[in-house]
Every structure is written in C-alpha cells, then in structure tokens.
Amino acid sequence: MTATPLLRAVLLAMQKHGLEAILIGNAGAAIHGAPVTTLDFDFMFRDTPVNMRKLKAVAKELKAVILRPYYPVSRLYRMVDDDLGLQVDFMPVVDGVKSFSSLRSRAVRLTLENAPLIVASLADIIGSKQAAARPRDAAVMEVLQRTLYEQTKHQSPSKPPSDSAGGPRRAQSRKRSAPH
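Counting starts from 1 at the beginning of each chain's written sequence and moves along it residue by residue. Given that the model is predicted, a residue must reach a pLDDT of at least 70 before its local features are reported, and side-chain atom pairs must reach 80 or more before they are shown or counted; all residues, however, enter totals for whole chains, interfaces and linings. Calculation of side-chain values draws on the structure's entire complement of heavy atoms; hydrogens and water are dropped beforehand.

### Brief notes about helix H3 (residues 49-61)
Part 1: The end-to-end C-alpha distance of H3, which contains 13 residues, comes to 19 Å, matching closely the 18 Å that a straight helix rising 1.5 Å per residue would cover.
Part 2: Buried, partly exposed and exposed residues are distinguished by accessible area as a fraction of the type maximum, computed with a 1.4 Å probe on protein chains only: under 20%, between the cut-offs, and over 50%, respectively. Numbering of helices and strands starts at the N terminus; helices are DSSP runs of H or I of at least 4 residues and strands are runs of E of at least 2. Those residues of H3 lying buried are Asn51, Met52, Leu55, Val58 and Ala59. In a view along the axis of H3, the buried residues occupy a sector of 115 degrees, so they form one face of it. Exposed and oriented more than 90 degrees from the buried face of H3 are Pro49, Arg53, Lys56 and Lys60.
Part 3: Throughout, a residue-residue contact means that at least one pair of heavy atoms, one from each residue, lies within 4.5 Å. Residues of H3 that are buried in the fold lie against helix H1 (4-17), strand S2 (41-45), strand S3 (65-67), strand S4 (77-81) and strand S5 (86-91).
Part 4: Positioned one or two residues after H3, Lys63 has a phi angle of 60 degrees, which is positive. In this analysis, the expected span of each helix is defined as 1.5 Å times one less than the number of residues it contains. Working definition: the arc comes from the directions between the helix axis and the C-beta atoms, pointing outward to the latter.

Dropping the structure here:
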C-alpha cells in the first residue's frame, strides 16, 4: 500500500486553500529516498490566525477533524480521518529548527503527482530528529545519515579552478586566525 494518494489529497487541499507547510519527519526522509516508513505526515507551518482558518478549511475539504492531542503542553494540530487512515500533524515548533523561514530556505520544492510539495532538506530532517532525541528517531538515524552520505557522495564535484593559462590552479594554504 502506498501513501501517495493520501499525501496528494492533502497537498491539493493545502494548495486550494493557500496553506504553506513544509513536509518533515520520516515521510520527508522517504521523499528524499531514505528507506523508512511512517504512518503519518508531519508538516511545519506558521501558527497564525489566517493559517488556522486555512488549516480548518483543509480539514473540512478532506472531511477530517483537527485534534489537539497534547494540549496545553504542545502546539501540535493533528488532522485525522480514521476511515481513510489519514493522520497529518501540523507543528509551528519543531525540535532543532530555528524558524519556518530558515527551514524553508533549505527546503526542496517539487511536485508529487501534480501536487506542489515543499519538503525539508534531509540534513534538516536529521537535525530535527537528533534534537528531539526520541528512541524512535534514534532507531532510524543510521539509515537517514547513510542516505544523506550517499546523496552527497554522488553529487558531481565541481571542476578545480584553473589559472589564466588554462591549467589547474594549485591550492594555496592559507592560515586563518582564530576568532577572538
């Protein structure tokens, strides 16, 4: 069974109602190619009155309900539809993430079956899981780090800079003074 149809429905509803959110967690890691599974989708979003109206419209569109399972300790909003097996968590605060803007600046924009998707960088997903320090995150850490390593290893290295004669320039060793 694939979760793609459910994620696509969520993404299309978010697009229709103008809710910007960034996919994180194991679902985000899976989009990056990590061999992990999950039962839900986790998104970071900005918790504003306008976005809360948008989130409620998305839930209505999907015939889902929004719960606050950890209120008042957490600001997590959980959208569920038990008949569909849908569980989507929207979080304004994520461990290891400075801000929504900083996460978005490193995120990847793509489409999933013609639905727009913003997914956090794999490095940010790993950083968030490390900061959360939960046993379930520790259980997938090695596979996430290996996936990130493989991705960076296969990126094409840039050509060495060349001098004006067209040959490779030798790297010069520079000493840097330590900050005071």
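There's plenty left to go through after this.
### Observations concerning the packing of H1 against H3
Part 1: Contact pair H1 / H3: the axes reach a minimum separation of 9 Å and the direction vectors enclose 135 degrees. On the basis of their axis angle, the class for H1 and H3 is oblique. As for how H1 packs across H3, the hand of that crossing is right-handed. Note on element contacts: H3 touches H1 through Lys54, Ala57, Val58 and Glu61, opposite Ala13, Met14, Lys16 and His17.
Part 2: In this count, Pro and Cys sit with the nonpolar residues alongside Ala, Val, Leu, Ile, Met, Phe, Trp and Tyr, while Asp, Glu, Lys and Arg are called charged and the others, Gly among them, polar. The class makeup of the residues in the contact of H1 with H3 is 4 nonpolar, 1 polar and 3 charged. Note on geometry: axes are C-alpha line fits, over the in-contact stretch for helices, and angles between N-to-C directions span 0 to 180 degrees. For classification purposes, angles smaller than 35 degrees are called roughly parallel, those larger than 145 roughly antiparallel, those between 65 and 115 roughly perpendicular, and all remaining angles oblique. By convention, the crossing between two helices is left-handed when the near helix turns anticlockwise from the far helix through less than a right angle, and right-handed when the turn is clockwise.

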